[in-house]
Amino acid sequence: MQKLYTLFLSSFLLVFQFSWAQQPTKPNSVEIYHQIQKLNFLGSVLYIAAHPDDENTRLISYLANDKKARTAYLSLTRGDGGQNLIGPELRELLGVIRTQELIEARKIDGGEQFFSRANDFGFSKNPTETLQIWDKNQVLSDVVWAIRKFQPDIIINRFDHRSPGTTHGHHTASAMLSMEAFDLANNPEQNPEQLQFVSTWQPKRVFFNTSWWFYGSQEKFKAADKTNLINLKIGTYYAALGKSNQEIAALSRSRHQSQGFGATGTRGEEDEYIEFLKGDTPKDKTNLFEGIDTTWNRIKGGKAIGDILYAVEKNFDFKNPAASVPELVKAYSLIEELDDKHWKFVKSEEIKKIIAACTGLYLEAIADVQEITPGSTLKVKWEAINRSSVDMILNSIQSYPSTMTTQEINVLPRNKVISKTWEVELPADLNYSNPYWLNQSGSDGMYQVDDQKNIGIPDVLRQVKLTFNIGINNVTIPYERYVVYKYNDDVKGEVYQPLDIIPIVTSSIAEKVYIFNTDRSKTVSVKIIAGKDNVEGSAKLELPQDWKASPTEIPFTIDKKGQDIVAVFTVTPSSEASEISIKSLITVGDQEFDKEKIDINYPHIYKQMVLKTAESKAIRVKIKTRNEKIAYIMGAGDEVPKSLTQMGYKVAILKPEEITTEKLQNFDVLMTGIRAYNVVNALAYKQKILLDFVQNGKTMIVQYNTLDDLVTKDMSPFPLKISRDRVTEENAEVRFLAPNHPVLNYPNKITAADFKGWKQEQGLYYPNEWDANFTPILSANDQGEKPKNGALLVAKYGKGNYVYTGLSFFRELPEGVSGAFRLLANIIALGK
């Protein structure tokens, strides 16, 4: 068991530390000194909440940078169910983006990052529903695992476990699970299967990070009894860094770009309050760690290490950090002899980084390609340089997962590069670089991760790395570096990207949804991309027996890696109404490949690759349309225009500068994308043109906007007030308030069946007040709530029709929900 425990901690810490930072860090003297201060603090805090962006970055930064505590954020989900302000990615692809945003945020505020297997299935109004969909026992197990693995002295909950129904159900559930796990993590009968890798652990105390928001107003909070609260003064100014704590926190918060959470830093005194909930009661209302030994004396054998390292901190030479190296190496040797395996690995990794920084030791392993297939030969150029006067030897380098090793001993002279290029043979069974939590099919509420050791790791598990064994003062220190790809961009300069292991061939179907209104066949195009040179095989479509594809198989040959060819099939639908999946299957030799490769590229995160099943949805359904020409103004990003094209409409996406009276004369319908009135500033002065378009006999359809930061208050021709009302139960009963209205009858007869099979939610940010000129069409509500009647509002304005809808067409159409297509066709046809 001890060996398993050791292997787990070593593997976990190295993956956790190095897989994030594709670009090597190069700390200056001030940053090195800050790391030494943190090295000498042996206390830890775990902050727990539900989603990316729930965390209080001011408090995380304060704990990590002012108190020097090892601080981590456990986000139970990866934010898959949110909206996306920067692109069209939703669900698991959005979860990948938000995962990386959290990782980038922690790099700034000094924290670490963990997750559970819980899937953000969308807004939930109470924790009971949340814990049913999540599988409470599994998520509770993950929280217990995080506590045992991280061993926090202090736990801080972002939300209140005592107030269900007052906030997002995920929020309350995260606090409830934290409170349970606080008591269970030290019980060996709780999740005993974990104990081969970690030990039981009892945190000292748990708090709730309260604020005026939980009291309803700042005035109420000022008047509240604070005798049970600890007041933390978090407005620290870090003179050596030239930033206030709040400025660091704002930079961290601003990494959440997909959610539009850019923040402006503040300066000066500021308070944070935490409420004691359970554990050892602190008497000192200013000291979180009261009664907890946070010195090296807390561990057996630690005093001798502390004697060395406190002197290193006291005598640190900012002009010559390398002067500390001899004592740091002595301390490293003593740390390696500790019996406490947890602190041994934590502090060993910390001090190794400090030694490398003090000597300017630069180690790098660069691949000659960004993508490569298993079983291939990878060229890796490694570089080692010692930029100090410290005597240093490169004892050996080992590659993993291949077994290539050099035993050649090289002295690393001051400021001289040693570099070689290796050819590394990659194993044929090397895993693809897919986010590990997406490798298996999960449920609506849970990701499937079977390997206990991987649960909670934030990033993609990358395997190809080199270990540089560096000798200093007769002590060998191993440094692992993951192999990455680097190139020079003419504008950006040096650019780092992760090395991705990809399939020999991937494919993608041209459209995500195909609509078959009649028995007529449609062409379905499949793009096939080679992951290496000289790929020869065949492509086919997997369909139910009553659907046909012609030809049944298409052979292909691709000469060069990265090139693609398109295979075109003719698909004939069933004569019966149905919804089916079309899957692309590629055969190369005796191997079959069914994955689509999706690249996610945004400047604020590292490039991400996701492998998903190459499939599309096909719907055999009667949808009547009237061939309207549609102008679409993109908002925060959605794929509704693609769905409209599939329905047979002619769609043009208009840029803000193209919104002119002359241009709009060519269209019958104008439609705004989600949150357009939150993000398209030009709509503030284009609104008269749009409303004139309606008044002259055309139709305008406005999809949901949030109530904050509207670019204009006059987005509607009549008064309309957006609220936070939503219907999160996608199968909630839908009632027709205006059953005879054309929108429910022409050209398609809408029935209750059209609201079956909706995904995640029915809609969000419904208006709750509107002018009498509007006709509310639909009514629905979550269980136990009052009816919400603002999902679809239609008003006559002049000769035309103005429509406001909070229905989640942006989710339902890409998912191929037939009823959503039929209803939208009727909304578009109102002008007829």
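For the structure itself, consult the block above.
Here the structure is a predicted model, which is why all the values come from computation and not from measurement. (Residues numbered from 1 in each chain as written. Predicted model: local features only at pLDDT ≥ 70, side-chain atom pairs only at ≥ 80, totals over all residues. Heavy atoms only, no water.)

**A closer look at the environment of Asp-429**
Positionally, Asp-429 belongs in the loop between strand 16 (418-425) and strand 17 (465-472). Residue class for Asp-429 comes out exposed when judged on its relative accessible area of 65%. Sequence separation between Asp-429 and Leu-177 is 252 residues; the distance between their C-alpha atoms is 38 Å. (Helix = DSSP H or I, 4+ residues; strand = E, 2+ residues; numbered from the N terminus. Buried < 20%, exposed > 50% of the residue type's maximum accessible area, 1.4 Å probe, protein only.)

**Some details on the sheet that holds strand 35 (residues 650-653)**
On the basis of which strands lie adjacent, the open sheet formed by 7 strands has the order 35-34-36-37-44-43-41 and mixed pairing. Since the sheet does not close on itself, it has two edges, and those belong to strand 35 and strand 41 (774-776), each with one partner. Across the sheet, the axes of successive neighbouring strands diverge by a mean angle of 20°, strand direction being ignored. As judged from the 4 bridges shared by strand 36 (residues 669-672) and strand 37 (residues 699-702), these two strands associate in the parallel manner. From the neighbouring strand, Val-669 faces strand 37, where its bridge partner is Thr-699. Sitting on the sheet, helix 16 (residues 683-695) is in contact with strand 34 (629-633), strand 36, strand 37, strand 43 (792-797) and strand 44 (800-805), with an inclination near 130° to strand 44. In this fold helix 18 (residues 818-828) packs onto strand 34, strand 36, strand 37, strand 43 and strand 44, with an angle of close to 140° to the strand it touches most, strand 37. (Pairing = 2+ DSSP bridges. Axes fitted to C-alpha atoms, helices over the stretch in contact; angles between N-to-C directions. Contact = heavy atoms within 4.5 Å.)

**A few points about the packing of aromatic side chains**
Applying the stated criterion to the full structure yields 26 aromatic pairs. Through a chain of ring-to-ring contacts, three or more aromatic side chains come together here, namely Phe-159, Phe-208, Trp-213 and Phe-214. Taking the ring centre of Phe-345 as reference, the NZ or CZ of Lys-344 above it sits at 5.8 Å. The ring of Phe-123 has Arg-726 sitting right over it, with the charged end atom 4.2 Å from the ring centre. (Phe/Tyr/Trp six-rings, centres within 6.5 Å; stacked < 30°, edge-to-face > 60°. Lys NZ or Arg CZ within 6 Å of the ring centre and 35° of its normal.)

**Let's talk about the pattern of salt bridges**
All told, the structure shown has 44 salt bridges when counted by the stated rule. Between Asp-142 and Arg-117 there is a salt bridge, with its nearest N and O atoms 2.9 Å apart. You can see Asp-142 sitting in helix 6 (residues 136-150) and its partner Arg-117 sitting in the loop between strand 3 (112-115) and helix 5 (127-134), a full 25 residues away along the chain. The exposure class of Arg-117 is buried, given its relative accessible area of 13%. The salt bridge partner of Lys-453 is Asp-451, with a shortest N-O separation of 3.1 Å. Judged by relative accessible area, Asp-451 falls into the partly exposed class, the value being 32%. (Salt bridge = Lys/Arg side-chain N within 4 Å of Asp/Glu carboxyl O.)

**Focus on the sheet that holds strand 4 (residues 154-157)**
Across the sheet, which stays open at both edges, the 7 strands sit in the order 3-2-1-4-5-9-6 with mixed pairing between neighbours. Either end of the sheet is taken by a strand with one partner, and the two such strands are strand 3 and strand 6 (229-233). In this sheet, neighbouring strand axes are inclined to one another by 30° on average, regardless of whether the strands run parallel or antiparallel. Relative to strand 2 (residues 70-75), helix 3 (residues 57-66) is tilted by about 150°, and along the sheet it contacts strand 1 (44-49), strand 2, strand 4, strand 6 and strand 9 (271-279). Relative to strand 3, helix 4 (residues 91-109) is tilted by about 155°, and along the sheet it contacts strand 2 and strand 3.

**A look at the pairing of strand 27 (residues 554-558)**
Side chains Ile-554, Phe-556 and Ile-558 of strand 27 all project onto a buried face; the interleaved residues Pro-555 and Thr-557 project onto a face where none is buried. Across 5 bridges, the pairing between strand 25 (residues 535-542) and strand 27 is antiparallel. Looking across to strand 27, one finds that Gly-537 is bridged to Phe-556.

**Notes on the environment of Lys-698**
If you trace the backbone, Lys-698 turns up in the loop between helix 16 and strand 37. With a relative accessible area of 22%, Lys-698 lands in the partly exposed category. Along the sequence, Lys-698 and Lys-314 sit 384 residues apart, while their C-alpha atoms lie 75 Å from each other.

All quantities given are derived from atomic positions and should not be read as evidence of function.
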